[in-house]
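So you can see what is in the structure, the chains are spelled out below.
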Amino acid sequence: MNAARERIREKKRIVVKIGSSSLTHPETGDMDYIRMEKLVRELSDIRNQGKEVVLVTSGAIAAGRKVLNCSSLNGNGERAMAVKQACSAVGQARLMMTYQKLFAEYNQVAAQVLMTKNTIVDDLNRYNAHNTFSELLRLGAIPVVNENDTVATYEIEIGDNDTLSAVVAALVGADLLILLSDIDGLYTDDPRKNPEARFIGQVDELTKELLDMGKASPGSPVGTGGMNTKLIAARIATKSGADMVIANSRDIGVLHRILDGEQEGTLFTAGRDENFNLREFVERLHR
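Analysis parameters
- Residues numbered from 1 in each chain as written.
- Predicted model: local features only at pLDDT ≥ 70, side-chain atom pairs only at ≥ 80, totals over all residues.
- Heavy atoms only, no water.
- Helix = DSSP H or I, 4+ residues; strand = E, 2+ residues; numbered from the N terminus.
- Buried < 20%, exposed > 50% of the residue type's maximum accessible area, 1.4 Å probe, protein only.
- Lys, Arg positive; Asp, Glu negative; His and termini not counted.
- Salt bridge = Lys/Arg side-chain N within 4 Å of Asp/Glu carboxyl O.
- Contact = heavy atoms within 4.5 Å.
- Expected span 1.5 Å × (residues − 1).
- Polar contact = N/O pair within 3.5 Å; in protein donor to acceptor, adjacent residues only side chain to side chain.
- Phe/Tyr/Trp six-rings, centres within 6.5 Å; stacked < 30°, edge-to-face > 60°.
- Pairing = 2+ DSSP bridges.
- Core = buried A, V, L, I, M, F, W, Y, C linked by side-chain atoms within 4.5 Å.

### Section: the side chain of Arg-5
As for its placement among the helices and strands, Arg-5 is situated in helix α1 (residues 3-8). Glu-264 provides the closest opposite charge to the buried, salt-bridge-free Arg-5, at an N-O distance of 7.3 Å. With residues up to four places along the chain from it excluded, the contact list for Arg-5 reads Gly-201, Gly-261, Glu-262, Gln-263, Glu-264, Gly-265, Thr-266 and Leu-267.

Here you go:
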């Protein structure tokens, strides 16, 4: 076990992000309740170890889309945005109801927090959000965070939950961010297309070459984030002083293996930048 992995065992405030493709059945788009139950059980056990946990979850639009029989969210314009927001309004309520029930089975209290870009860009909103998270964690609750897609438009979107989770990690002063995805970690190329792609187990510096590598990587058909968004998240997290791990959600048990210091996924080691300004970084998103 190397020193960087060993230090993960001492992390106390942890943000975990899980994407839509990890929460739904690929054949139907319906919620995968077994996967959700395993996730909640893992997070509850981490909380029982005395660590603080924040969950950033996708899945609201996917859940609402099935309920409202909106088979596709393709297209542009006000109608397409309205359909997306309607799906989110229905789906977020169902998603949170499921999390509340599952966490209650393990004697944990889940709290919903919905954010937009303005939550971070506006100084008062950011201050209030920080205080809310701090108090929830002090009281032993597990904040369950999503972007507020019901009201968010392009101008006020953070954009994807990879980025959102890193923003949350920076906002709450987390010392570890774990991105659960449908890929094992960072590769030199897309391993689904290039069998010669090499796995990268640890990144100590986010070079321009690494950042450029992610730009050609697409996301899954269900989620919105590809490798590029994960590398943006790594920039935010590491500059804010948090380690970050990208790992495959195929086995949710990967969470406790990561926290035990095992060689799972790709580890991006923290390199706090005192000049990093979260508000300015978020404000520049999508420009």
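Having seen it, we continue.
### Things to note about helix α3 (residues 33-48)
Three or four residues apart is the spacing at which side chains of an α-helix point the same way, because the helix has 3.6 residues per turn. Between its first and last C-alpha, α3 extends 22 Å over 16 residues, near the 22 Å set by a 1.5 Å rise per residue. Of all the positions in α3, only Arg-35, Met-36, Glu-37, Leu-39, Val-40, Glu-42, Leu-43, Ser-44, Ile-46 and Arg-47 are classed as buried. A distance of 3.3 Å separates the backbone nitrogen of Ile-34 from a side-chain oxygen at the start of α3, and that oxygen is part of Asp-32.

### Considerations on the packing of aromatic side chains
For the structure on display, the rule yields three aromatic pairs. Summarising the aromatic geometry, the rings of Tyr-187 and Phe-199 are spaced 5.3 Å apart at their centres and angled 70° between planes, so their arrangement reads as edge-to-face. Highlighted residues: Tyr-187 in strand β6 (residues 186-187) and Phe-199 in strand β7 (residues 199-200), separated in sequence by 12 residues. Tyr-187 sits in the buried class, given a relative accessible area of 16%. Given a relative accessible area of 38%, Phe-199 falls into the partly exposed group. Here Phe-276 and Phe-281 contribute two aromatic rings whose centre-to-centre distance is 5.6 Å and whose plane-to-plane angle is 55°, an arrangement assigned as tilted.

### Some thoughts on the pairing of strand β4 (residues 142-147)
A regular strand places its side chains on the two faces of the sheet in alternate fashion. Among the six residues in β4, six count as buried, and that is most of the element. Burial of β4 is two-sided: the residues Ile-142, Val-144 and Asn-146 facing one way and the residues Pro-143, Val-145 and Glu-147 facing the other way are all buried. Of the pairings in the sheet, the one linking strand β2 (residues 52-57) to β4 comprises two bridges and is parallel in character. Bridging from a neighbouring strand, Val-56 pairs with Val-145 of β4.

### Points about helix α4 (residues 60-67)
When we look at burial in α4, the residues that qualify are Ala-60, Ile-61, Ala-62, Ala-63 and Gly-64. With its phi angle positive at about 60°, Asn-69 sits one or two positions after the end of α4.

### Regarding the nonpolar core
Counting residues in each nonpolar core, the largest one holds 48 residues, and the members touching the most others are Val-15, Met-115, Phe-133, Val-145, Val-168 and Met-244. With seven residues, the top contributor of residues to this core is helix α8 (residues 161-172). Here Val-15 is in contact with Val-54, Val-56, Ser-165, Val-168, Ala-169, Val-172, Ala-174, Leu-176, Leu-177 and Ile-178, once residues within four sequence places are set aside. Core analysis: the next-biggest nonpolar cluster, separate from the first, contains 35 residues, Val-16, Ile-142, Leu-176 and Ala-247 among them.

That is the geometry; function is a separate question.
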